[in-house]
Every structure is written in C-alpha cells, then in structure tokens.
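Descriptive structure summary
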Amino acid sequence: MVSISAHDLRLVYQVREKLTLRPRDRRMTRTGGTISGSGSRRFVTALDGVSFELSAGDRLGLVGSNGAGKTTLLKVLYGIYEPSGGSLDIRGKVDALFNINLGFRAEATGRRNILLRGLINGWNEDEIGARTEEIIEFSELGDFIDMPFKSYSQGMGARLAFSIATTLEPQILLMDEWIGAGDADFQTKAKRRMDELAEKAGIIVLASHQPDLIERTCNKVLQLEHGKVVRFGPLEVQEKPAAANSA
Amino acid sequence: MFKILANAFADMAAAYERRRVWITLATEDVGDQHRRTALGPIWLLVNYFAFAATFIFVFTPNPTAEFAIYVATGLMVWNYLTDCITQSVTLFEREESFIKGTNLPLSAYVMRLTLQNLIRAVYAVIGCVIILVLAQVNVTWDWIWAGLGLVIIVVCSPAVIAVFGFLGVFFPDSQFIVANLMRVAMFATPLFWTHEGEGGLRGALYYYNPFTYFLDLVRTPIVNNAIPFTAIGISLVFTLAMWAIAIVLLGSLRKQVALIV
C-alpha cells in the first residue's frame, strides 16, 4: 500500500561561512528557516517538527512563502536530504520534478534525457524504450525531441520532465512549482494525468504558490512557515486554524 | 562506526545497482567534450604526443630510445593520475544539478569520473604503444607486472577521486591549492628526469613522492624488465589507506554534500 508517514521531521544544517573581512549582514528575513548560533557556528533549522500522513489517492498541496521549507520537505521525501531528526516511512516508488534544470543533461537530446531519467529511476533500457514514443507524444515536442535539452524553453523542459515522470508510473510523485512553466493546454492535460495517477492509488505532493492550481489538483493542504507546519488538513478546511497534528 | 560503514557500503551498492546511469553518462561525457571539434577525442592523442615529444626532444639534449620509452610509459600513467585528482576536487560542484535533482548515490558520480578518465586514458595508451613500437621496445614476460600495476592504479582511483571530491566540497579553496600542487608535482615527479641513486633534493623528490611509485608500477617492468616490488608494496598500502579514508568520508558526509554544493 502506497503511503507517506512523517513524524516530527527536523532538518538542521550548519551554515558554512568563508573567512572575510567584510561586515556580515545579520538582518533577519521573513523567509527561510530559523537561523540560530553565531559566528562560524550558525545553524539553519529548515524543517522543525513536521508531521503528516498521506495514503493512497491523496494529492497534497504544499503552500507557504518563499523559503518556508516546501522544496526542502520535497527533497527530504525524495531522499536527497537526510532528516536530522524524526521518522519518515515512505512506501512506494518515488519520482520527483524539481527545478527543470535539475537532474537533466543539458547537452543531451530530449530523447537521451528520457533514457537517462528512466535509468536514474531504476528502469532498464527495454522498459524505457517501450515507453519512449508515449513520452514524446504526450510531451508534444515533435522533432524537438532530437534537439539538445539546453535549447528547450522552460515550458518545453517542463513538458518533457512531466511526461517522463508520469509515463514511468511512479507511485509517489513530488513536484516543485514546475507546472507554471507549461501553457494552459498542457496544464489541462497534466491535470488529467495527475488525476489518473492519484486514481491508480498513487500519491502526489505538489508545492506551489498558485492557489487555483492547488485547488484544482489537491485534496489536502499543508502550509509551512519558517520550516514549521502551520496547518494540515483537507482542502475544504484550509482556511481554518492549524489542526492539532501541526502542533 | 558501524553506521558509517553501513552508509558507505549502501551508497556503493546503490551505485552498482544503477551502474547503467554512470556508464551512460561517462561514455557521453568524452564525446560531448569534443563534440564541436574537427578531430574529436583524437585531441587526447594529440595532447599526449605533444607532451611526450616536448619531454623527449626538448628537455633532453641527446634523447635515446630507452628514454623515450621511460617518458611514454610514465606520461601515460601521469596523465590519468593528474586527470583524476584535478577533476575530482570540483566533482560534486559540477554534479550539482544531479545531486540536487535526483537521488543518485554519490558513488555514482565518483564512478562516472573514474570511467570517463579511463576512456580518456585509452587514447594515451594508444599513444604510448605507438611510441613503444617506434622505439623498438622488446616485449618480455615482465610486462605482466605492468598490467598488474595498471590494475592497482585503476582500483585506487575511485578512492582518490572520492577523497578529493569531499575535500573540494568542504574546503572550496582546495581546488586552487590542488591545481597548483599538481602543476608543481609534474616537475617534482620523475616523469622526464631519472634518478640514479643520488641524494639531495632530487633523491627526496624521488623517494618521498607517492607518484613515483605509481609511475614505477608500470614503468619498471617495461623499461628495466624488472618486478617493482617496492612500488607494488607502497602503492598497495597507499590504495588501502585511500579506500579506508574514502569509506569513512562517504559514510559520514554523503548526505551533507547536497546541503553544501
């Protein structure tokens, strides 16, 4: 059974500062995690006591201001960052779409990137080959598929990334603000595909600053501020104060 | 300590599991570096010949066939070692896109660079063989020891790449320090000069330089038709030490790299 169970997740890391004679800017910002310590031993608490449970069919919208910890949480869920504390239990095959420029080979063609992403996700060449045409068709890139990835616009990159990730049938799909790059037609197609994925008992976690996108796509919302959960619950009740599980 | 070892071996096992990724990336890397050039990877052969010819004909007043063999074999190993070390210091920085966008293990990037440098080394091997043929070298059974030497060098290289890779992440200045040291090391290593048992600075540079022993692993059996026992012993100890350091670093720091690069 596909599920994500996070309990009291914490991510604290040390800020590494170079030796410099320049005065440092110590002003606190509204964004980012909590900075503690001083001098060369400063720590950022990027995630602090994050707890939530997701089960098959859930589509979670991650919201919060810039630097609230949305991408950090996605990267912890994907295994790029290791949590400093708490427990995380993920059941299911995970794929993630972060910034379009991450995880792709700029010099290689779109077609080669399909192969590379498939291999990275643990598929073999035959399995990827059997799905390549479907990926190209869904992405609507046409002849551009044999052009280098670095020649793609943001939207084209997003199309390819989304097509690869969803055609290779992940059970859990993590997405970070990628969809804004696609045009309206593609967003409609993408929405339909995400619904299909969720209907197949998958889980989607989508970080976004677009409330309408979250409303159209998700059934649950988790709001982060300064690395802490401000609210977590069904989409309909998101305007209510933070639920008990955010405490 | 058990957790560190478990982490390191889990990372290496994951890299083995996804070996198709780094094999594919490494084979594309060499082609990509020369994609828009007329000669393509043949430039690697040209570079090798340019260096070898400079050392053989410019730095020596009366070059002999034996000296040409000495330089050709030494340069072949030196090119591989220097490529591994200088490129590894910026390895994880260059791989930022994959490190922050995928969950590939760090060992996959280490193996990508190792394989990439091995492919590049093939061109130096071809150049070396051409020089050996031109110098009319005699092939003897001792050459098997040179083959063993190459195996030791290849086995050592992922560990060296990993150690310098971590060094580059945690001490960014090290990329400039290492680049400068490697430039100096080219002159401080018996690459185009020989050691005839004399002491002084030249003797110290010969005996206290790990590169000497890695070069001798391959060079001694071919040039002197002798078994390089000392070089084999020292390079094996060095290889084991580098692997021990690499495993400890990998096990304890691998998850911090994504937060720093």
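The coordinates are above.
Residues numbered from 1 in each chain as written. Chains lettered and ligands numbered in written order. Predicted model: local features only at pLDDT ≥ 70, side-chain atom pairs only at ≥ 80, totals over all residues. Heavy atoms only, no water.

Brief notes about the overall build of chain A
When helices and strands are tallied, chain A shows 6 helices and 10 strands. For chain A, with 247 residues in total, the buried portion stands at 51%. Across chain A, contacts joining residues at least 24 apart in sequence account for 71% of those joining residues at least 6 apart. As displayed, chain A offers around 11,700 Å² of accessible surface, 50% of which is attributable to carbon and sulfur atoms. (Helix = DSSP H or I, 4+ residues; strand = E, 2+ residues; numbered from the N terminus. Buried < 20%, exposed > 50% of the residue type's maximum accessible area, 1.4 Å probe, protein only. Contact = heavy atoms within 4.5 Å. Areas by Shrake-Rupley, 256 points an atom, 1.4 Å probe, with all protein chains shown as cover.)

Topic: the overall build of chain B
Counting its regular elements, chain B contains 13 helices and 0 strands. Counting from the amino terminus, helix and strand elements in chain B follow one another as α-α-α-α-α-α-α-α-α-α-α-α-α. Computed over its C-alpha atoms, the radius of gyration of chain B comes to 19 Å, within 12% of the 18 Å expected for a compact globule of 261 residues. C-alpha atoms of chain B, sized along the principal axes, occupy 55 × 45 × 35 Å. Each of the 261 residues in chain B was classed as buried or not, and the buried ones make up 52%. Looking at chain B alone, contacts between residues at least 24 apart form 77% of all its contacts between residues at least 6 apart. In the form shown here, chain B has an accessible surface area of approximately 12,300 Å², with 69% of it arising from carbon and sulfur atoms. (Rg over C-alpha atoms; globule rule 2.2 N^0.38 Å.)

Focus: the pattern of salt bridges
All chains considered together, the criterion is met by 25 salt bridges over all chains. A salt bridge links Arg-105 of chain A to Glu-28 of chain B; its shortest N-O distance comes to 3.0 Å. Taken together, the positions of Arg-105 of chain A in the loop between strand 6 (94-97) and helix 2 (110-120) and Glu-28 of chain B in helix 2 (residues 19-33) put the pair across two chains. Grouping residues by exposure puts Arg-105 of chain A and Glu-28 of chain B together as buried. Note that Arg-112 of chain B is salt-bridged to Asp-29 of chain B, the shortest N-O span being 2.8 Å. Taken together, the residues Arg-112 of chain B in helix 7 (residues 106-134) and Asp-29 of chain B in helix 2 connect sequence positions 83 residues apart. A residue is classified by how much of its surface remains accessible, and Asp-29 of chain B, at 6% relative accessible area, is buried. Salt bridges here are not isolated pairs; linked through shared partners, they connect Arg-105 and Arg-112 of chain A together with Glu-28, Asp-29, Asp-32, Glu-95 and Arg-112 of chain B. (Salt bridge = Lys/Arg side-chain N within 4 Å of Asp/Glu carboxyl O.)

Section: the side chain of His-34 of chain B
Residues and elements named next belong to chain B. Position of His-34 relative to the elements: it lies in the loop between helix 2 and helix 3 (42-58). One polar contact links the side chain of His-34 to the main-chain carbonyl oxygen of Gly-40, over a distance of 3.5 Å. Excluding residues that lie within four positions of it along the chain, His-34 makes contacts with Gly-40, Pro-41, Trp-43, Leu-44 and Arg-120. (Polar contact = N/O pair within 3.5 Å; in protein donor to acceptor, adjacent residues only side chain to side chain.)

Structural notes on helix 5 (residues 184-199) of chain A
Residue and element names in this part refer to chain A. The end-to-end C-alpha distance of helix 5 is 23 Å, a good match for the 22 Å that 16 residues give at a rise of 1.5 Å each. Of all the residues in helix 5, the buried ones are Phe-186, Gln-187, Lys-189, Ala-190, Lys-191, Arg-193, Met-194, Asp-195, Leu-197 and Ala-198. Once helix 5 finishes, Ala-201 follows within two positions and takes phi at roughly 65°, a positive value. (Expected span 1.5 Å × (residues − 1).)

Concerning the sheet that holds strand 6 of chain A
Residue and element names in this part refer to chain A. Sheet architecture is open: 6 strands sit in the order 6-7-8-4-9-10, paired in mixed fashion. Here the strands that pair on one side only, and so sit at the sheet edges, are strand 6 and strand 10 (228-234). Between one strand axis and the next, the sheet turns through 15° on average, direction left out of account. Across the sheet, helix 4 (residues 154-167) touches strand 6 and strand 7 (172-176), and the angle it forms with strand 6 is around 170°. (Pairing = 2+ DSSP bridges. Axes fitted to C-alpha atoms, helices over the stretch in contact; angles between N-to-C directions.)

Quick word on the nonpolar core
The nonpolar side chains of soluble globular proteins are, as a tendency, buried together. Formed by 149 residues in total, the largest nonpolar core has its most connected members in Phe-52, Leu-73, Leu-160, Val-205 and Leu-222 of chain A together with Trp-78 and Phe-92 of chain B. A total of 14 residues in this core trace back to one element, the largest contributor, which is helix 4 (residues 65-88) of chain B. Those residues in contact with Leu-73 of chain A that sit more than four places away from it in its chain are Leu-9, Leu-47, Val-50, Phe-52, Leu-62, Leu-222 and Leu-224 of chain A. (Core = buried A, V, L, I, M, F, W, Y, C linked by side-chain atoms within 4.5 Å.)

A word on the interface of chain A and chain B
Taken together, the contacts link 24 residues of chain A with 24 residues of chain B. When the two sides are added together, the surface that chain A and chain B hide from each other amounts to roughly 2,200 Å², 56% of it contributed by carbon and sulfur. Where chain A meets chain B, there are 5 salt bridges. Here Asp-29 of chain B makes a salt bridge to Arg-105 of chain A, at a shortest N to O gap of 2.9 Å. Our enumeration of links across chain A and chain B arrives at 10 residue pairs in polar contact (both at pLDDT 80 or more). (Buried area = accessible area lost by both parts, 1.4 Å probe.)

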